[in-house]
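A closer look at the structure
For reference, the chains in residue letters:
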Amino acid sequence: VVSAPPMETSLDFKAPARQSITQKIPIVNNGSEEWQLGVIITGSKAFSGPASLVVPPNGAPAEYPLSFCTGEPGAREEGKLTMKNNQTGVTFEYVLTGLGEDPLAEDHITRRCNARDSLDLTFRVPHFVPGKAGALSCQVE
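Think of each chain on its own: its residues are numbered from 1, step by step along the sequence as written. Only residues with pLDDT of at least 70 get local features here, since the model is predicted, and only at 80 or more are side-chain atom pairs given and counted; chain-wide, interface and lining totals rely on the full set of residues. In computing side-chain values, all of the structure's heavy atoms are included and hydrogens and water are not.

Bringing the nonpolar core into the picture now. Side chains of a nonpolar character, in soluble globular proteins, are inclined to be buried together. Each nonpolar core is a collection of buried residues, namely Ala, Val, Leu, Ile, Met, Phe, Trp, Tyr and Cys, held together in the definition by side-chain atoms within 4.5 Å. Three labels apply to residues, based on accessible area from a 1.4 Å probe with only protein chains included: buried if under 20% of the type maximum, exposed if over 50%, partly exposed otherwise in between. Counting residues in each nonpolar core, the largest one holds 21 residues, and the members touching the most others are Ile27, Leu66, Leu81, Met83 and Tyr94. Mapped by element, the contributors of at least two residues to this core are strand 1 (7–16), strand 2 (21–28), strand 3 (35–43), strand 5 (52–55), strand 6 (61–68), strand 7 (76–85) and strand 8 (91–101). Numbering of helices and strands starts at the N terminus; helices are DSSP runs of H or I of at least 4 residues and strands are runs of E of at least 2. Ranked by residue count, the leading element in this core is strand 6, at four residues. If we ignore the near neighbours within four places in the chain, the residues touching Leu66 are Leu11, Phe13, Ile21, Thr22, Gln23, Ile25, Ile41, Phe47, Ser48, Leu81 and Leu96. Only heavy atoms matter for contacts: two residues are in contact if any of them lie within 4.5 Å across the pair.

Here it is as structure tokens:
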């Protein structure tokens, strides 16, 4: 029995900080029996997905949903996705690279105020800086 070497592919992700994106990876089984793939993601915790995938026989594709989410703009994340069919020994390997881009605006606030009048506003700001808790005070003129 001759087995093919594992196929390795590279997947690159770019996403705004604190936003999750999902890439569906197609897997095709041209055999006559269903595949039960075990899935392992190593490296950065910014990558996630289900622990298994069932691939139907006879060329019907299945899609593995791989998600990427990082909390830091400019963060470079690396990982590896391995899918293995223990019945046939076929392994699919993906080298994962993710880049956190500048975050998107999470809200838009408009308030009217007369010239030279003060206006105090209180609103919630999401906490996204690790290790820095507490109140945030801003003054705008």
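Attention shifts here to the side chain of Ser44. You can see Ser44 is positioned in the loop between strand 3 and strand 4 (47–48). Exposure remark for Ser44: the relative accessible area of 14% places this residue in the buried category.

Caution is warranted with low-pLDDT regions, since their predicted coordinates should not be read in detail. For every residue, the pLDDT score states the predictor's confidence, bounded by 0 at the bottom and 100 at the top. Per-residue confidence for the chain gives a mean pLDDT of 86, with 83% of residues at or over 70. Element-level mean pLDDT values for the chain span from 88 in strand 1 up to 97 in strand 4. Scored below 50 in pLDDT, residues 1–5 makes zero contacts in the model with residues more than four places away or belonging to other chains.

On to the sheet that holds strand 4, then. Following DSSP output, two strands are said to pair if at least two bridges run between them. With antiparallel pairing, the three strands of this open sheet are ordered in space as 2-6-4. Only two strands of the sheet have a single neighbouring strand rather than two, namely strand 2 and strand 4.

Classification of ring pairs rests on two measures: the distance between centres of Phe, Tyr or Trp rings, Trp counted by its six-membered ring, which must be within 6.5 Å, and the angle between planes, read as stacked under 30 degrees, edge-to-face over 60 and tilted in between. For the coordinates displayed, the defined rule picks out four aromatic pairs. Aromatic side chains Phe13 and Phe47 sit 5.8 Å apart centroid to centroid with 65 degrees between the ring planes, which places their arrangement in the edge-to-face category. With a gap of 34 residues between them, Phe13 in strand 1 and Phe47 in strand 4 connect regions that are remote in the sequence. For the pair shown, Phe13 and Phe47 are each scored as buried. With 5.1 Å between their ring centres and 35 degrees between their planes, Phe47 and Phe68 make a pair best called tilted. In this pair, Phe47 sits in strand 4 while Phe68 sits in strand 6, placing the two residues 21 residues apart along the sequence.

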